[in-house]
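A closer look at the structure
So you can see what is in the structure, the chains are spelled out below.
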Amino acid sequence: MRTAHLTLRPDATIGPINPRIYGSFVEHLGRAVYDGIYEPGHPTADCDGFRTDVIELVKELGVSAIRYPGGNFVSGFRWEDSVGPRESRPRRLDLAWHSTETNEIGLHEFSTWLEKVGSELMLAVNLGTRGTAEALELLEYANLRAGSALADQRIADGRTTPFDVRMWCLGNEMDGPWQIGHRSADDYGKLAARTGRAMKQFDPGLELVACGSSSSAMPTFGEWERVVLTHAYDVVDYISCHAYYEDTGDRATFLASGVDMDRFIRTVVATADHVKDVRGSQRTVNISFDEWNIWYNTRFENVDRIEGVDNWPRAPRLLEDVYTVTDAVVFGSLLITLLRHADRVTSASLAQLVNVIAPIMTEPGGPAWRQTTFFPFAATSAHARGTALDVAVRTDTYPTATLGDVPLVDAVGSHDEAAGTYSVHAVNRSTDEQVQLRIDVSALGPHPMTVQARVLADPDPSAANTLADPDRVGLRALAVVRDGDELVITLPPIAWVQVLVETGR
Ligand code: AHR
């Protein structure tokens, strides 16, 4: 059997883990909102029409900030359509997803839902069809206590206290030709800078996110970040990254998606720091990895895309990917990569949350269930807290077609000082071989330890949870053997594992 070695050392710190790294994303897309979180006729619906079974699952998932309302949707969105009396809100065409937006759910209703799930609102403004003026109007409506026409309108609309939104995205994926109002880096950089500057004239304490590349495969990747930040460096706090991965048949490369994400992050950090140094700035711009997931995008492009001048469905079934065990292992490895960059990735959003490329699925009038990807997210969010640790992985490598030789095992550690606990999250990328994982814990001192491990793996790596079989896949306990200063665990092929160490101090 192959062996991989890790070392858990409290002084091998990467940086503090910002709880916002466990964020998610709800877009007005498909059945994310309507027939997802909101279904007034459902047996579990509360007085506001929100499904309480979904609320419970979102709480269990452990998501911090939730990005809203898009995504591509936001680039055609008129925020004022979605506030005020519901009966007079207009139905609008959503060109991004070729659907009808009824505006039954808007800022007020979504904020009510966020209070129920205990998450923070992260709001995106439309810099596609709109600009600085409308962004400022939304900001004033949302965040001013009282005393202006817009703040008083919010109060009249039923909300006395401001929404006090701290984090704002300046548009969405403005580098993508598919984006409504798509711009060059130069044009977008200037727009983001002047919009952000104006927003900070209202409140210098806001945290602003400039759009980075919509993927590292974009032809403008790198140069886009450099140009945008050259315009907006002094104004923004974050540059965004977006990355989706899918198994296109080359499983070895798919399993190594975290390696690609790792390079993406390193490149964006290097570019942001280059602009910082050129400008002689004292500020550091961090990364908001505000869209990441597995997404079978080719299926959407070839099968699901909606067309037709007279065909604008409400809440169609779109992007409803069913995730396998393999998908969940790759997904878990993406979380490992994000945590390994906790010093610079200080916000991230799993895209998305319910029904749309989601860890939580629902059936109208029926049950809600956890997809395979639910488990690594919930377990990591619950336990990788405090400080991220470099565990100095020593492992064999394997060859891939596009990423070269990549580590067979990847891992990251964490240390929650207040609780006296450590975690290790690791993946075995081998499709056919077990790996013995040996974790050196000598640096944790002579304290007594309680150790538990849980694994996501299956003899059938294409197993999934579905409406017909919602509990097919879950986490199961894995044996841990103590061998001197080492904890020894046997990882099955294609496996994600969580090891928790309690030192009792
Ligand atoms: O999450 C689905 C879509 O992916 C988002 O709307 C867009 O920002 C990205 O391309």
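This text gives an overview of the structure that appears in the document. (Residues numbered from 1 in each chain as written. Predicted model: local features only at pLDDT ≥ 70, side-chain atom pairs only at ≥ 80, totals over all residues. Heavy atoms only, no water.)

A closer look at the sheet that holds strand β7 (residues 120-125)
Here is the rule we go by: One requirement defines pairing of two strands: DSSP has to find at least two bridges between them. Secondary structure follows DSSP: runs of H or I at least 4 residues long count as helices, runs of E at least 2 residues long count as strands, and numbering of each begins at the N terminus. Between the N-to-C directions of two axes lies an angle of 0 to 180 degrees, each axis being a line fitted to C-alpha atoms and, for a helix, fitted only over the stretch in contact.
Read around the closed barrel, eight strands run β3-β4-β7-β8-β9-β10-β11-β12, paired in parallel fashion. The sheet shows a mean angle of 30° between the axes of neighbouring strands, direction not considered. Pairing between strand β8 (residues 167-170) and strand β9 (residues 207-210): four bridges, direction parallel. Looking at β9, one finds that M167 is bridged to E207.

Structural notes on the site of the ligand
Using the following cut-off: Near residues are defined by distance, with any heavy atom within 4 Å of the molecule or strand qualifying the residue. Polar contacts, as counted here, are pairs of nitrogen or oxygen atoms within 3.5 Å of one another; within protein the pair requires one atom able to donate a hydrogen and one able to accept it, and residues that are adjacent in sequence qualify only if both atoms are side-chain atoms. For the area figures, the Shrake-Rupley method with a 1.4 Å probe applies, and any residue is considered shielded solely by the protein chains shown. Here the term charged refers only to Asp, Glu, Lys and Arg, the term nonpolar to Ala, Val, Leu, Ile, Met, Phe, Trp, Tyr, Cys and Pro, and the term polar to all other amino acids, Gly among them.
Contacts to the ligand come from F25, E27, G71, N72, W97, N172, E173, Y244, E291, W295, Q352 and I357. For the ligand, an oxygen atom lies 2.6 Å from a polar atom in the side chain of E27. Separating an oxygen atom of the ligand from a side-chain N or O atom of Y244 is a distance of 2.8 Å. About the coverage of the ligand: the protein hides 96% of its 280 Å² of free accessible area. Residues belonging to the shell around the ligand are distributed by class as follows: five nonpolar, four polar and three charged.

Points about helix α1 (residues 52-61)
The periodicity of an α-helix, 3.6 residues per turn, causes residues three or four places apart in sequence to face the same way. Selection rule: Exposure classes here rest on a 1.4 Å probe applied to the protein chains alone. A residue is buried below 20% of its type maximum, exposed above 50%, and partly exposed in between. Pairs of residues are marked as contacts when any of their non-hydrogen atoms sit within 4.5 Å.
Buried within α1 are the following residues: D53, V54, I55, L57, V58 and L61. On its buried side, α1 packs onto α2 (107-117), β13 (360-362), β14 (368-370) and α11 (374-383). Residue G62 follows α1 closely and has a positive phi angle near 80°.

Here we look at the pattern of salt bridges
Should the charged atoms of two oppositely charged side chains come close, the side chains can pair. This is how the line gets drawn: Salt bridges are defined by distance alone: a side-chain nitrogen of Lys or Arg within 4 Å of a carboxyl oxygen of Asp or Glu.
The full count for this structure, using the stated rule, is 40 salt bridges. Across the pair E56 and K59 runs a salt bridge whose closest N-O atoms are separated by 3.5 Å. With a gap of three residues between them, E56 and K59 both fall in helix α1, about one helical turn apart. The closest approach of N and O atoms between E223 and R226, which form a salt bridge, is 2.8 Å. Of this pair, E223 and R226 both sit in helix α6 (residues 223-232), separated by three residues, roughly a single helical turn. The class of E223 is partly exposed, set by a relative accessible area of 42%.

Topic: the sheet that holds strand β18 (residues 409-416)
In space, the seven strands of this open sheet follow the order β2-β15-β18-β19-β25-β21-β22, with antiparallel pairing throughout. One side of each edge strand has no neighbouring strand; the edge strands of this open sheet are β2 (13-16) and β22 (476-477). For strand β21 (residues 450-456) and β22, the ladder comprises two bridges, and the chain directions are antiparallel. Across the sheet, the residue bridging to V455 is R476, located in β22. In the packing of helix α10 (residues 325-340) onto the sheet, contacts are made with β2, β15 (387-389), β18, β19 (421-428), β21 and β25 (495-502), and the angle to β18 comes to roughly 55°. α11 contacts β18, β19, β21 and β25 of the sheet and is inclined by roughly 20° relative to β25.

Nothing here speaks to function; it is all geometry.
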